[in-house]
Amino acid sequence: MASHAIVETTHEENYLQYKGRHGGLWSWIFSTDHKRIGILYMIGMFAFFVVAITLGLLMRLEQLTMGPTIMQPSTYNKVFTLHGVIMIFLFIVPGITATFGNFFLPIQIGAKDVAFPRLNLFSWWLYVIGAVTALVAVFTGMADTGWTFYVPYSVRTGTNVTLAVLAAFILGFSSILTGLNFVTTVHRMRAPGMGWFRMPLFVWGLYATAWIQVLATPVVGITLLLIILERTLGIGIFDPALGGDPILYQHLFWIYSHPAVYLMVLPGMGVVSEIIPTFARRNIFGYKAIAYSSVGIALVGTLVWGHHMYTSGQSYTAAVVFSFLTFLVAIPTAIKVFNWVATLYKGSIRVELPLLYAMAFIFHFSIGGFTGLMNAAISVDVHIHDTYFVVGHFHYTMFGGTVFAMFGALYYWLPKMFGRMYGQKIGITAFVLQVIGFNMLYFTMMVMGYMGMPRRYYDHLPQFHDGHIIATVGSWFLVAGLFLMIGNLVWSVFKGAKAEDNPWGGTTLEWQIPSPPPLENFDKIPQVERGPYEHTPVEVSK
Amino acid sequence: MFSGSSTFVSEVDQAFLFILIISVIFFLGITFAMIYFVVRYHHKKNQTVSQSSGNLTLELLWTVIPTILVLGMFYYGFIGYRHMKTIPPDALEIQALGRMWSWLYTYENGYQTDTLTVPLGKPVKIRVESADVLHSFYIPAFRIKQDAVPGMKNYVWFEATETGIFDIFCAEYCGDRHSYMLSLVKVIPQEEYATWYDGTAQFAPAAGPAGDAERKPGSRGPMLVKIKGCVACHSIDGAPLVGPTFKGVFGHQVTVITDGQEREILADEEYLRRSILEPQADRVKGFENIPMPLQNLTEDELAEIIAYIKELQ
Ligand code: HEM
Ligand SMILES: [Cu+2]
Ligand SMILES: [Cu+2]
């Protein structure tokens, strides 16, 4: 057998069939199995994702004409707030970590579960409680502040900010606990022989992410709590009318929320680092460079938050220092991209949907990264800050980057998770629609941004009208592609063709066990003897 | 995209283009290499994989080169910013007050207006302030932006290089009518500006209640509802905005909520006064969500506005 580890194949029932103490729904929502928890997260997150996509589509429809199109300004403001809050706090922050991280982290390091399985279930429950709180907030007068909740507006508006913020606060706890769990798991649960540099790069990405979750999330927790206290008790930390300082709020908010963007993308980079060597049949190029750059990004990324505040009135020195540090983060990011491309060199490449998504990730994320350099240059950012340029930029990184990586992960691991193959033809059609629509929408937004179109605008002036039409038409392609893909995947989970245990010839541990994995992953904890991506010649020629 | 009318434009656009060109080169390199490899080393063409786990020279090369390039970009952005923060001492100072949802400009002689007029080729320093929440003073054609933060005086300056009329936006989200918090800057030649500026003195409050006795009461109303920011929320043509329209209120029954109790009330002069001075006392039904801001109006201004509202039938 061409595995790099000795793994006993099991004939135990798989995790989907297992019936524990409870039956039916209960056997899921009270399961401490990391695989079931991963799937629970996935169901919840994708339900919200569909809602937020629809909200995005509605925003674009509103911009199709000048003046009111389908809603009033107060509705539009709530719609973009809800879109942002769902996409950030309910979808992309738990993101790849909570879904594929939960499912594959233990398997990839040769463990039977995470370090604290019950805490893991508790994290999911916190996610659900946070989500329900957000829903209640929606039905009791959703906040209209934008996902950033900037004071003093968020303290003064008559909408229900308190509940929306409370929801974000609870979701933050869920994230902290997952991070804690993963850090411990990586330190304590690796199979014998799996040294730090034999860990798959996906694990490195999750590990760096977990530290950000543990260290940065408490800051936003405190900040959000202070907003609630300010609104209810008028304590006067942030609102100048009460003697507070609104700039302080922005610092506290971004101390978390900038690292959070790396928290979103690092696992995505990890996924790409798995997919590329598998489909190139080649060892990853520059393993250590990629692993260290994840840690480097996580470290430097915590010190750059002030680049969101060049025009806020923060000091001159602060702006210069933050700009300098921001440029430094670009370097580890570039290193990763070069290493991925170099991995394809002289491989024996199979083009399948996961690889296409990984390539789309590199394409979009490069654009996101390069436009990030433009944002980092202070004088340029003064002009483009708070315009559509920034909206385009962050969709390129978070959506074109992270979310496309997540789609790649879905296709890559679907056979493993459910033992079924996806429908390929529809999958490719959906992919093409998404890439075309995505670029039509967000590239146009960036052009409009440089022309001066401010963000969070319900209406636009005539000089932006053509751009808005192109962007809106792009959003139709994009949304069609997204729904087609989701429909196809749901169909595949239930009706897809049976998948083999290792359809891609992957080399990491999850590919050495049956699909779907047995309840306890491994009969016997494997003994690891090689690096994660060592393709043997046997595999290559088959 | 790359046209503009202040001394900052070339610096900002050059920094942008510098980054853009380097980015495009790298981006095309990455994309082409990626696609070329996938086609060239497709498994149908290439069965023998050449394994390699990395190359230190390459790693160093693609660490050092990007480092040098991004330091160059940093420097470009930095010098542009230093220029923006070095305000010439002889700059003309104008206050821009952001409030929900309009800009008010106050000149040194006290003249107030909702449209900014500035001289060509002379540095102008704007003192950006806010009366309520965050706003941001943004002139894309000049490449400048400065947040208006309540309790802070932030400065931004520019020197226009072209006459004309340019858009001013509010770039920091500030509530319902954020996207209508628009204004204009009019750049005129220096001599013309001097004449114009002298002419404004008669409207300034220092000149006393302008118009005097012979003017019709309410004639300053149209000007006052603009500079006091009322029209951001109240229309004069019957359309409801964030607040009820001024047209036809006077002499009609209004349903208001007083201390949580709904009641009908006749909109007479006394009611209008109270609505303006104590907006929280009687809240018009259907418009309760947004707090109407208090305006510090003088007795005279209040009388003018009320007289003007009475006329709008
Ligand atoms: C079909 C997909 C999507 C569409 C059509 C869409 C569209 C939009 C639009 C039109 C805006 C508002 C721009 C403005 O007026 O300022 C927006 C904002 C935003 N989007 Fe998306 N988007 C989509 C997907 C995503 C995804 C996948 C994410 C994150 C992972 C995301 C995160 C955000 C955030 C954080 C904001 C800012 C909200 C705010 O300003 O408070 N969006 N999006
Ligand atoms: Cu940031
Ligand atoms: Cu605004």
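Scroll up a little and you will see the structure.
Attention in this report is confined to the structure presented alongside it.

Criteria and cut-off values
- Residues numbered from 1 in each chain as written.
- Chains lettered and ligands numbered in written order.
- Predicted model: local features only at pLDDT ≥ 70, side-chain atom pairs only at ≥ 80, totals over all residues.
- Heavy atoms only, no water.
- Donors = N, O, S within 2.8 Å, 3.2 Å for Na, K, Ca; no water.
- Helix = DSSP H or I, 4+ residues; strand = E, 2+ residues; numbered from the N terminus.
- Buried < 20%, exposed > 50% of the residue type's maximum accessible area, 1.4 Å probe, protein only.
- Pairing = 2+ DSSP bridges.
- Near = heavy atom within 4 Å.
- Polar contact = N/O pair within 3.5 Å; in protein donor to acceptor, adjacent residues only side chain to side chain.
- Nonpolar A, V, L, I, M, F, W, Y, C, P; charged D, E, K, R; others polar.
- Contact = heavy atoms within 4.5 Å.
- Buried area = accessible area lost by both parts, 1.4 Å probe.
- Salt bridge = Lys/Arg side-chain N within 4 Å of Asp/Glu carboxyl O.

All right, on to the coordination of the copper ion (ligand 2) then. Residues and elements named next belong to chain A. At the metal site, the copper ion (ligand 2) is ligated by His258 (ND1), His307 (NE2) and His308 (NE2), and these contacts range over 1.5 to 2.0 Å. Spacing between the donor residues of the copper ion (ligand 2) along the chain follows H-x48-H-H. With His258 in helix 9 (residues 246-280) and His308 in the loop between helix 10 (287-300) and helix 11 (316-344), the pair connects residues that are 50 residues apart, well separated along the chain. For His258, a relative accessible area of 6% translates into the label buried.

Below, the discussion takes up the sheet that holds strand 1 (residues 92-99) of chain B. All names here are of chain B. The strand order across the open sheet built from five strands is 3-2-1-5-8, with neighbouring strands paired in mixed fashion. Since the sheet does not close on itself, it has two edges, and those belong to strand 3 (112-113) and strand 8 (154-158), each with one partner. By the bridge criterion, seven bridges tie strand 1 to strand 5 (residues 124-130) in an arrangement that is parallel. By the bridge assignment, Ala96 is partnered in strand 5 with Val128.

Right, let's get into the site of ligand 1. Residue and element names in this part refer to chain A. Taken together, 28 residues sit near ligand 1, with His83, Trp147, His395, Arg455 and Arg456 positioned nearest. Within the side chain of His395, a nitrogen or oxygen atom sits 2.8 Å from a nitrogen atom of ligand 1. With respect to ligand 1, the backbone of Arg456 contributes an N or O atom lying 2.6 Å from an oxygen atom. Secondary structure elements with two or more residues in the shell around ligand 1: helix 2 (34-62), helix 3 (73-92), helix 14 (388-418), helix 15 (424-451) and helix 16 (465-495). In the shell around ligand 1, the residues fall into 20 nonpolar, five polar and three charged.

Attention now moves to the interface of chain B and chain A. Listed by partner, the interface residues are 78 residues for chain B and 88 residues for chain A. Together chain B and chain A conceal approximately 7,200 Å² of surface at their shared face, both sides included; 69% is due to carbon and sulfur atoms. The interface formed by chain B and chain A contains zero salt bridges. Listing elements by their share of the side of chain B that touches chain A, those giving two or more residues are helix 1 (9-40), helix 2 (56-85), strand 7 (144-148) and strand 9 (164-170) of chain B. When residues in the side of chain B that touches chain A are grouped by element, the largest group, 18 residues, is from helix 2 of chain B. Among the residues forming the side of chain B that touches chain A, the class breakdown is 44 nonpolar, 23 polar and 11 charged.

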